[in-house]
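Here is what each chain is made of, one letter per residue.
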Amino acid sequence: MKKYNLNHLRELESESIFIMREVAAQFENPALLFSGGKDSIVMVHLAKKAFWPAKIPFPLLHIDTGHNFEETIVFRDELVKELGVQLIVGSVQDSIDKGRVVEETGYSASRNLLQTVTLLDTIEKFKIDAALGGGRRDEEKARAKERFFSHRDEFGQWDPKNQRPELWNIFNGRKHVGEHFRVFPLSNWTEMDIWQYIYLEDIDIPDLYFTHKRKVFVRDGVILADAPFMMKKNSEKVEIMQVRCRTIGDISCTGLTMSTANNLEDIIQEIAATRVTERGGRADDMRSESAMEDRKKEGYF
């Protein structure tokens, strides 16, 4: 690891830890949004550092679509057990059963959009006033508009044109009853920063991120994992490929990458050479040019 990269990563680490401590100081009932992906895993690692030797002072909050990769759930449960922290799980299936959302049908059906209602219901149920997320500004143009402290109104909605200034790292967490904040300590990190930090700190990640054999099929140029709930067209044939996840989400919308990267050094080299964005294989982002911003305005992650 080059010296200037090391200094850069330590500066990012310090900034993120400062923000997490601000959240603990300003809010009464925060939670850390945990998906089992690399960004939320780094968030947990930073939280451990921020409050050591005490335990992380807030629960992990996972919105379970019911269509997750099994490896993600196993990793989540083992991490929670190791940390000894509370885990809050919001279930999309419960939202469907209660009639809060209607499950999509058809070949492109996904539960990804349905997570918004489940998330907002869970935030309201547990009176969460600040939800720390692993969003980064380099991921997607809508995420680039977020502040560190991102205000949500009483309906959980976000107004990108009406955000509070954040001068000299002064964060305003004032809110009215029923409102909450999304907080993004990783805002200034890039995908490469995340991978270099995982390498530097020797952080455990799910095996999904390394190359492995998996049953997949190709749809509209995107490699998707096969699963019992994935409807396939007659022209879509299941085959076994050597793939890995670059980003982890609901199986129905997570595009896989053909890869031979089986260690962190290989992943870093692969990311450095690629010209495809991290979310370039996410089917949910392809529904429209403003898909992410529209979802975020409604309360998405």
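The structure displayed is predicted, hence computed values, not measured ones.

Chemist: In this structure, what is going on with the packing of helix α2 (residues 38-51) against helix α3 (residues 70-83)? I would like to understand it.
Modeler: Contact geometry for α2 and α3: axes closest at 13 Å, N-to-C directions at 5°. The angle between α2 and α3 places the two elements in the roughly parallel class. Residue-level contacts link Ile41, Val44 and Lys48 of α2 to Phe75, Leu79, Glu82 and Leu83 of α3. Along the lines of polarity and charge, the residues of the contact of α2 with α3 split into five nonpolar, no polar and two charged.

Chemist: For this particular structure, what's the right way to read the packing of helix α6 (residues 191-201) against helix α7 (residues 264-273)?
Modeler: Where α6 meets α7, the closest approach of the two axes is 10 Å, and the angle between their N-to-C directions is 165°. It follows that α6 is roughly antiparallel to α7 by the angle criterion. The crossing of α6 and α7 is left-handed. Here α6 contributes Glu191, Met192, Trp195, Gln196, Ile198 and Tyr199 to the contact with α7, which in turn contributes Leu264, Glu265, Ile267, Ile268, Ile271 and Ala272. Along the lines of polarity and charge, the residues of the contact of α6 with α7 split into nine nonpolar, one polar and two charged.

Chemist: Looking at this structure, I do not really get the domain arrangement of the protein. What am I missing?
Modeler: Much of the literature gives interface size as the accessible area that the parts lose upon coming together. Along its sequence, the protein is carved into domain 1 (8-193 + 289-298) and domain 2 (204-281). Computed from C-alpha atoms alone, the centre-to-centre distance between domain 1 and domain 2 is 24 Å. At the interface, 26 residues of domain 1 touch 28 residues of domain 2. In this assembly, domain 1 packs against domain 2 so that about 2,300 Å² is buried in total across both faces, 60% of it on carbon and sulfur atoms. Per-residue buried area on domain 1 facing domain 2 is highest for His67, Phe69 and Tyr107; these three make up 33% of the total on that side. Between domain 1 and domain 2 we count two salt bridges in total.

Chemist: Teacher, can you tell me more about the sheet that holds strand β4 (residues 130-132) here?
Modeler: Hydrogen bonds between backbone groups are what pair the strands of a sheet, and the pairing can be parallel or antiparallel. Here we have six strands laid out as an open sheet, ordered β3-β2-β1-β4-β6-β5, and mixed in their pairing. Two strands in the sheet have a free side with no partner beyond their single neighbour: β3 (87-91) and β5 (149-152). Strand-to-strand, the axes of this sheet are offset by a mean angle of 30°, without reference to chain direction. Along the sheet, α3 contacts β2 (60-64) and β3; its crossing angle with β3, the most-contacted strand, is approximately 150°. Sheet strands touched by helix α5 (residues 115-125): β1 (30-33), β2, β3 and β6 (180-183). Its angle to β2, the strand with the most contacts, is close to 145°.

Definitions and cut-offs
Residues numbered from 1 in each chain as written. Predicted model: local features only at pLDDT ≥ 70, side-chain atom pairs only at ≥ 80, totals over all residues. Heavy atoms only, no water. Axes fitted to C-alpha atoms, helices over the stretch in contact; angles between N-to-C directions. Helix = DSSP H or I, 4+ residues; strand = E, 2+ residues; numbered from the N terminus. Parallel < 35°, antiparallel > 145°, perpendicular 65-115°, else oblique. Contact = heavy atoms within 4.5 Å. Nonpolar A, V, L, I, M, F, W, Y, C, P; charged D, E, K, R; others polar. Left-handed = near helix turned anticlockwise from the far one by under 90°. Domains from an automatic or database assignment. Buried area = accessible area lost by both parts, 1.4 Å probe. Salt bridge = Lys/Arg side-chain N within 4 Å of Asp/Glu carboxyl O. Pairing = 2+ DSSP bridges.

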